[in-house]
Amino acid sequence: MDSSNLIDSLNAAQREAVTVPCGRTLILAGAGSGKTRVLTHRAAWLLQVEGASAYSILAVTFTNKAAAEMRGRIAGLVGVVAGGMWIGTFHGLAHRLLRLHWREAGLPQHFQILDAEDQRRLIRRTLRNLEIDESRWPPRQIQGFINARKDEGRRPEALEPHDAYSEQMRQLYRAYEEACRAGGGLVDFAELLLRCYELLCSQPTLLKHYRRRFRHILVDEFQDTNRIQYDWLRLLVDSESDVFIVGDDDQSIYGWRGARVENMQRLQHDEAGTRVLRLEQNYRSTRTILAAANALIARNSSRLGKHLWTDGAAGEPIAVYAAFSEQDEARFVVERIRSLIESEGYARSDCAILYRSNAQSRAFEEALFGREIPYRVYGGLRFFERAEIKDALAYLRLLVNRNDDASFERVINTPPRGIGTKTLDVLRSQARQWQMSLWQAAGELLRAGALPGRAARAITAFIELLDRLGGSFADPALAGRIETVLAQCGLHEHYAKDRSERGLDRRENLDELISAARTFEQVREAIDDEVDSLTAFLAHAALEAGEVQAGEQDDGVQLMTLHSAKGLEFPVVFLVGLEEGLFPHKMALDERGRLEEERRLCYVGITRSRQRLFLSFAERRRLHGQDQYGTASRFLLELPTELMQEVRARFSVTRAQTMVHAAEPVATSDAAFSLGQRVRHATFGDGVVLGCEGSGPSTRVQVNFAHSGSKWLVVAYANLKPCP
DNA sequence: TTTAGTTGAATAAAG
DNA sequence: TTCAACTAAA
């Protein structure tokens, strides 16, 4: 078959990657080097040239968005042939396997998925049952503990508590597991992965089947994998497997979420003979932007090593602005955006403002609002996470499983039907005593006539409501079924009473839920046939929390955190709040590893930009109601000054200090160098000074050599000459 | 049960 | 400062 359409548009390195013989391949793909392209073309190559069947391909990503994009692009290359491929997120794929093999996994057929909020609520309830003080044992912390252990693949039994604290944590972990089981098989996100891993470990036949089936495994964003994801992948691989992995250690910014960059090295160790290929040509940014990014990331010591280059134009210098305050910073940014739009023809959506923490968006929103420039802030509550939607989903979950106590508690008095804390306390303690669910306990108490009249009537009504709704299960159409539930449970009516904008919003969201169900039904894949459409929809709601205010502002300035900017690109980027303590964040200052991750985050920010990059910081910033006086971020000082241009040399005292500091000679001897200066070394050739440490005769400078990479040299011996 | 007032925490966030 | 979660009063 003619495969020219797959490789013609690729550069040599990309082509080598796409056509690499089957086996173990790790692609170190730099920012903007055409990573997704290589991944999708590889899949197409396997189908068209290697003769692989779509059924033999497993492609794993981290986000639903990435999975959808990959599916779409592969389909665009090869057409419907791509049909049988398994493309999805780690969680989505694990979920699929668990649905198919729920029995072997020890789960009930209609097991429900807990999102982060559901999980925390369940932990809170577990604590209350055990009469443990929530302020001493914060649910958040316990949640973090449990998830971290699951991400490591460890059950409570596998822990080795070394003090009272870890012993208690282990107990709570165990109690939580029991609560999940008792709730009728509740599975949190981390559990999906761990359970699936255990499933494959414990079922050799099954494992063998999937190993044989998935001959080709493709993985995206490998630097973000955690321990259990790594182990899961390796489990699916045998000596015959073709494994194609793409990642960039320099863009690993989720260590705090359990991601292990080390997995990249580990893979090369664990899988001997792994072929490592590099994609280093960047198609996104100007030479200037790239040089800055390279100089910055060269400061990190633990790297696999990669040097991005481009044959594009040098572009504009990087503009640096020192603001008085965050208002001044916002004013500057918005002014710039206005002039870029008005005189340089940029669209509003070409401009992105990237910040370290969400709280920073405020000043920019105000400034944009004041200038009447439309904008869009990313992040925040997503559709399926909204309270009213979760209420509605809780009713649906109860229909599937009456013993789901978390859902029971959520809706027993929503909308208010006269069942308060008192009644609930009775229910809870009885349920605990009789070792049954709240639903069962309610039934028993009613039968025993043990509840006061008013509460009894209210509970009876609730039970009847659910039974009636359960009856309408016969309705085959999911959307119609949900509509009935919403109409009868009183949620719609409840919000109708709220005459404010908020109430209207919520009613609209509930209507939206119905149409979401309709859409879901239409596009639902046949693979979920194992399970009824309601259960499938609930799983979908948990696994895909949906977009935030999708498409509300099509052409607006884009505001988001650096983390959410990963994977995106913009013609114009404003990287703001470059202050010590904010970025790098003060929480990350103690440990070296975390500082390096902050630096990678800065690297990600810089490399988002195609043409224009603006950096700024504020000398005074209001944080938590207190004025803070900060200094410029070390990252700013780590960038070669030759690439930068100060906007509006304002020369306030502080300003002069910052910039002068950066350009200050690094050695006191006759051979003085400044950061960013070009130097020549007898052996290593030409390079750029990136940093210095020490003083006097022991002064060392870090030089990034064009050919030999970055090195630390003692000034006294290196005999560096300034470049002519 | 509802609501107003108090308290406490505040890095990033997909599934 | 802001926001969510919680407590006390109506």
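S.K.: Residues and numbers for the overall build of chain A, please.
M.R.: Per the secondary structure count, chain A includes 29 helices and 21 strands. Within chain A, the proportion of its 724 residues that are buried is 53%. Long-range pairs, those at least 24 residues apart, make up 74% of the contacts in chain A with a sequence separation of at least 6. As displayed, chain A offers around 31,900 Å² of accessible surface, 49% of which is attributable to carbon and sulfur atoms.

S.K.: Can you tell me about the protein's contact with DNA strand B, naming the residues and giving the values?
M.R.: Close contacts around DNA strand B come from 26 residues, with Asn 64, Arg 356, Asn 413, Gly 420 and Arg 594 the closest. Protein-proximal atoms of DNA strand B, defined as those within 4 Å of the protein, fall in sugar or phosphate at a share of 44%. Here Arg 594 contributes a side-chain N or O atom positioned 2.3 Å from a base oxygen of DNA strand B. The residue inventory of the surface near DNA strand B, partitioned by class, reads eight nonpolar, 14 polar and four charged.

S.K.: Tell me what's going on with the protein's contact with DNA strand C, and back it up with residues and numbers.
M.R.: DNA strand C sits among Arg 124, Arg 362, His 624 and Gly 625. Of what DNA strand C places within 4 Å of the protein, 43% of the atoms are sugar or phosphate. Taking Arg 362, its side chain carries an N or O atom lying 2.9 Å from a phosphate oxygen of DNA strand C. Gly 625 is positioned such that a nitrogen or oxygen atom in its backbone is 3.4 Å from a sugar or linking oxygen of DNA strand C. Its residues assigned to classes, the surface near DNA strand C comprises no nonpolar, two polar and two charged.

S.K.: Give a detailed account of helix α8 (residues 164-182), specifying residues and quantitative values.
M.R.: Here α8 spans 27 Å end to end across 19 residues, near enough to the 27 Å set by a 1.5 Å rise per residue. Every buried residue belonging to α8 is among Ser 166, Gln 168, Met 169, Arg 170, Leu 172, Tyr 173, Ala 175, Tyr 176, Glu 177, Ala 179 and Cys 180, and all of these are buried. On its buried face, α8 is in contact with β4 (112-114), α6 (116-129), α7 (139-151), β5 (186-188) and α9 (189-202). One or two positions beyond α8, positive phi appears at Gly 184, with a value near 90 degrees.

S.K.: Quick rundown of the packing of helix α16 (residues 387-400) against helix α24 (residues 533-543)? Include the residues and the values.
M.R.: Packing of α16 against α24 brings their axes to within 10 Å, and their N-to-C directions diverge by 140 degrees. When the axis of α16 is compared with that of α24, the two are oblique. For the pair α16 and α24, the crossing hand works out as left-handed. Note on element contacts: α24 touches α16 through Leu 534, Thr 535, Phe 537, Leu 538 and Ala 541, opposite Leu 393, Leu 396, Arg 397 and Val 400. Per-class residue counts for the contact of α16 with α24 are seven nonpolar, one polar and one charged.

S.K.: Lay out the packing of aromatic side chains with the relevant residues and their values.
M.R.: Counted under the stated rule, the structure contains 18 aromatic pairs. Between Trp 86 and Phe 214, the aromatic rings sit 5.3 Å apart at their centres with planes inclined by 55 degrees, giving tilted as the arrangement. Of this pair, Trp 86 sits in strand β3 (residues 86-89) while Phe 214 sits in the loop between α10 (204-213) and β6 (216-219), and the two are 128 residues apart along the sequence. Each member of the aromatic cluster is reached from another via a ring pair, and the members are Tyr 321, Phe 332, Phe 574 and Phe 614. Arg 99 extends its terminal NZ or CZ atom over the ring of Phe 111, reaching a point 3.8 Å from the ring centre.

What counts and what doesn't
- Residues numbered from 1 in each chain as written.
- Chains lettered and ligands numbered in written order.
- Predicted model: local features only at pLDDT ≥ 70, side-chain atom pairs only at ≥ 80, totals over all residues.
- Heavy atoms only, no water.
- Helix = DSSP H or I, 4+ residues; strand = E, 2+ residues; numbered from the N terminus.
- Buried < 20%, exposed > 50% of the residue type's maximum accessible area, 1.4 Å probe, protein only.
- Contact = heavy atoms within 4.5 Å.
- Areas by Shrake-Rupley, 256 points an atom, 1.4 Å probe, with all protein chains shown as cover.
- Near = heavy atom within 4 Å.
- Polar contact = N/O pair within 3.5 Å; in protein donor to acceptor, adjacent residues only side chain to side chain.
- Nonpolar A, V, L, I, M, F, W, Y, C, P; charged D, E, K, R; others polar.
- Expected span 1.5 Å × (residues − 1).
- Axes fitted to C-alpha atoms, helices over the stretch in contact; angles between N-to-C directions.
- Parallel < 35°, antiparallel > 145°, perpendicular 65-115°, else oblique.
- Left-handed = near helix turned anticlockwise from the far one by under 90°.
- Phe/Tyr/Trp six-rings, centres within 6.5 Å; stacked < 30°, edge-to-face > 60°.
- Lys NZ or Arg CZ within 6 Å of the ring centre and 35° of its normal.

By themselves these figures say nothing about function.
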